[in-house]
Amino acid sequence: MKTIKQFFEALLDLIYLLITVPFIFIRWTWRKFRSWWSRRKTWAKTVLAILFIFILFGDVGIWRIKRIFNPSYWDTQLTDYTSVHHFYNDKCRLYDDFNEKYITPKYKWISPVLDNEDYDDTLTVFCDMNNKRGYLNAYTGEVVIEPQYDAAWVFSDGLAAVKKDNMIGFINKDGELVIPFNFKHNKREYDYDYIDYGFHNGYCYMIGDNGCQGVINKSGEWCIEPNYQYISKIARYNGFITHTNNNLCGYIDKDMNVVFPDEYSKIDITPDGYILTKDNRMWKEDFNGKVTNPHMFEYTGNMSYIIGYNNDGDGIYKLSDTYKYYYVNKHYGLYNIKTQEFVTPAIYTDIEMIGENIFEAEINDSGSFVFIPQQ
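Residues numbered from 1 in each chain as written. Predicted model: local features only at pLDDT ≥ 70, side-chain atom pairs only at ≥ 80, totals over all residues. Heavy atoms only, no water.

**Details of the sheet that holds strand 8 (residues 143–149)**
Okay, so step 1: Taken together, four strands build an open sheet; the order of strands is 5-6-7-8 and the sheet is antiparallel. In the strand order of this sheet, the two ends are held by strand 5 (109–110) and strand 8, each with one partner.
Okay, so step 2: Bridge count for strand 6 (residues 123–127) against strand 7 (residues 133–137) is five bridges, and the pairing is antiparallel. Looking at strand 7, one finds that phenylalanine 126 is bridged to glycine 134. (Pairing = 2+ DSSP bridges. Helix = DSSP H or I, 4+ residues; strand = E, 2+ residues; numbered from the N terminus.)

**As for the layout of surface pockets**
Empty space among the atoms becomes visible once a probe the size of a water molecule is rolled across them.
Okay, so step 1: Taken as a whole, the second largest pocket holds about 230 Å³ of empty space.
Okay, so step 2: Together, Gln229, Tyr230, His243, Thr244, Asn247, Leu248, Cys249, Ser265, Asn329, Lys330 and His331 line the second largest pocket.
Okay, so step 3: Classifying every residue of the lining of the second largest pocket by side-chain character gives three nonpolar, seven polar and one charged. (1 Å grid on protein atoms, 1.4 Å probe; cavity = no way out; pocket = protein on both sides within 12 Å on 5 of 7 lines; lining within 4 Å. Points joined across faces, edges and corners; volume = space filled by probe spheres on them. Nonpolar A, V, L, I, M, F, W, Y, C, P; charged D, E, K, R; others polar.)

**Section: the sheet that holds strand 27 (residues 341–342)**
Okay, so step 1: Read across the sheet, four strands follow the order 24-25-26-27 without closing on themselves; strand pairing throughout is antiparallel. Looking at strand neighbours, the two that pair on one side only are strand 24 (299–309) and strand 27, the edges of this open sheet.
Okay, so step 2: Bridging between strand 25 (residues 315–328) and strand 26 (residues 331–336) involves six bridges; their strand directions are antiparallel. Each bridged residue has a counterpart across the sheet, and for tyrosine 323 the counterpart in strand 26 is asparagine 336.

**Some points on the pattern of salt bridges**
Okay, so step 1: For the structure on display, the rule yields five salt bridges.
Okay, so step 2: Residue aspartate 150 pairs with lysine 132 through a salt bridge whose shortest N-O separation is 2.7 Å. One end of the pair, aspartate 150, is in the loop between strand 8 and strand 9 (151–152); the other, lysine 132, is in the loop between strand 6 and strand 7, and 18 residues separate them in sequence.
Okay, so step 3: Judged by its relative accessible area of 29%, lysine 132 falls in the partly exposed class.
Okay, so step 4: Close ionic contact of aspartate 272 with lysine 284 constitutes a salt bridge, the shortest N to O distance being 2.9 Å. With aspartate 272 in the loop between strand 20 (266–270) and strand 21 (273–278) and lysine 284 in strand 22 (residues 281–285), this residue pair connects regions lying 12 residues apart in the sequence.
Okay, so step 5: With a relative accessible area of 15%, lysine 284 lands in the buried category. (Salt bridge = Lys/Arg side-chain N within 4 Å of Asp/Glu carboxyl O. Buried < 20%, exposed > 50% of the residue type's maximum accessible area, 1.4 Å probe, protein only.)

**Side note on empty space enclosed by the protein**
Okay, so step 1: This model, assessed by the stated rule, comprises one cavity of 30 Å³ or more.
Okay, so step 2: Taken as a whole, the largest cavity encloses approximately 40 Å³ of empty space.
Okay, so step 3: The wall of the largest cavity is formed by Gly198, His200, Tyr203, Cys204, Tyr205, Lys233 and Phe240.
Okay, so step 4: Sorting elements by how many residues they give to the lining of the largest cavity places strand 13 (residues 203–207) first, with three residues.
Okay, so step 5: Across the lining of the largest cavity, the residue classes tally to four nonpolar, two polar and one charged.

**What to know about the nonpolar core**
Okay, so step 1: Counting residues in each nonpolar core, the largest one holds 22 residues, and the members touching the most others are Ile168, Phe170 and Tyr197.
Okay, so step 2: Going through the elements one at a time, strand 11 (167–171), strand 12 (177–184), strand 13, strand 14 (213–217) and strand 15 (222–228) are the ones with two or more residues in this core.
Okay, so step 3: At four residues, the largest contribution of residues to this core is made by strand 13.
Okay, so step 4: With residues up to four places along the chain from it excluded, the contact list for isoleucine 168 reads Trp153, Ala161, Val162, Lys163, Pro180, Phe181, Asn182, Phe183, His185, Tyr197 and Met206. (Core = buried A, V, L, I, M, F, W, Y, C linked by side-chain atoms within 4.5 Å. Contact = heavy atoms within 4.5 Å.)

**Section: the pairing of strand 2 (residues 82–87)**
Okay, so step 1: Where burial is concerned, most of strand 2 is hidden: six out of the six residues are buried.
Okay, so step 2: Side chains of strand 2 alternate between two faces, with Thr82, Val84 and His86 and Ser83, His85 and Phe87 buried alike.
Okay, so step 3: Summarising the sheet, strand 2 and strand 3 (residues 92–96) pair through five bridges and their orientation is antiparallel. In the sheet register, histidine 86 faces strand 3, and the bridge partner there is cysteine 92.
Okay, so step 4: Counting the residues in the hairpin turn of strand 2 and strand 3 gives four residues, including aspartate 90, whose phi is positive at 60°.

Following this line, the structure appears as structure tokens:
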């Protein structure tokens, strides 16, 4: 019995110790802080006041205060009246900025495509909790097309691309299938710059079963067969620059007429004609096919040669007042400044001046050679 009594007395002493030690520590800490504060309270109050002003009025402070009352970690303006609030749990909701209330349940994401000036539709894509895509009204939050697709793209020219079972088709704003799921979703790593699956002026880029790019119309027919590595659009003229796998290009106009076959290294379109590069030669034609400038280049550069050496063994160079090099399609040629004539075609991968009228050149890493241009 005595042993049990001693045990409970020891237990009570331990409990008392556990209660009093934290209290003593807190009291000791408070005395130390009060002593520290009495010596430094003037500048400490100043620092706290500055921090309070910064938190209240600074950009970071305002952001943090907003986060206290609004659990979203960033907001995306979708329209003039609505925004998307993104939450910490990787979900989002559409918010009515005018009435200050949420107008949709939580979704995985809502696409901010309306920020793009190319698209001015009221419908935007959203993804539900089952990872299915549908379309909702960006102003009201109303679901217009139920989420049922594996992927979906923005409406453009009245149609939107959707994906099911890795096949792409196109629907209208009523959710009706206008172009069947006839196109395999052959995603290529560099397609982001060339494929948006949106119709522009009645045409849409598309990938064929062979993995090459072409263009379809609103009937789902190939206007440009899928035979190209990629196709770039000339927005001002609504035409298409086609690029083959062997780095050649051609030009097809907005009426699908082949203006230039796939034989050129580069094609540029200007307000008054075409600048064409072929076989390391660059020239300009007007829209009627008349050559307006037979000799062009991308840029030119000065040439110089060694005329002696200084005491340190460094070369002393003289700038040529007769020759410059010119550059076309990764190749160099020789240009006469005085006569303003092209001395050689742009066929050299490297060229240097080694004398007043002597040059060392190289063609496609085949070894260098020395030549003297004809006068």
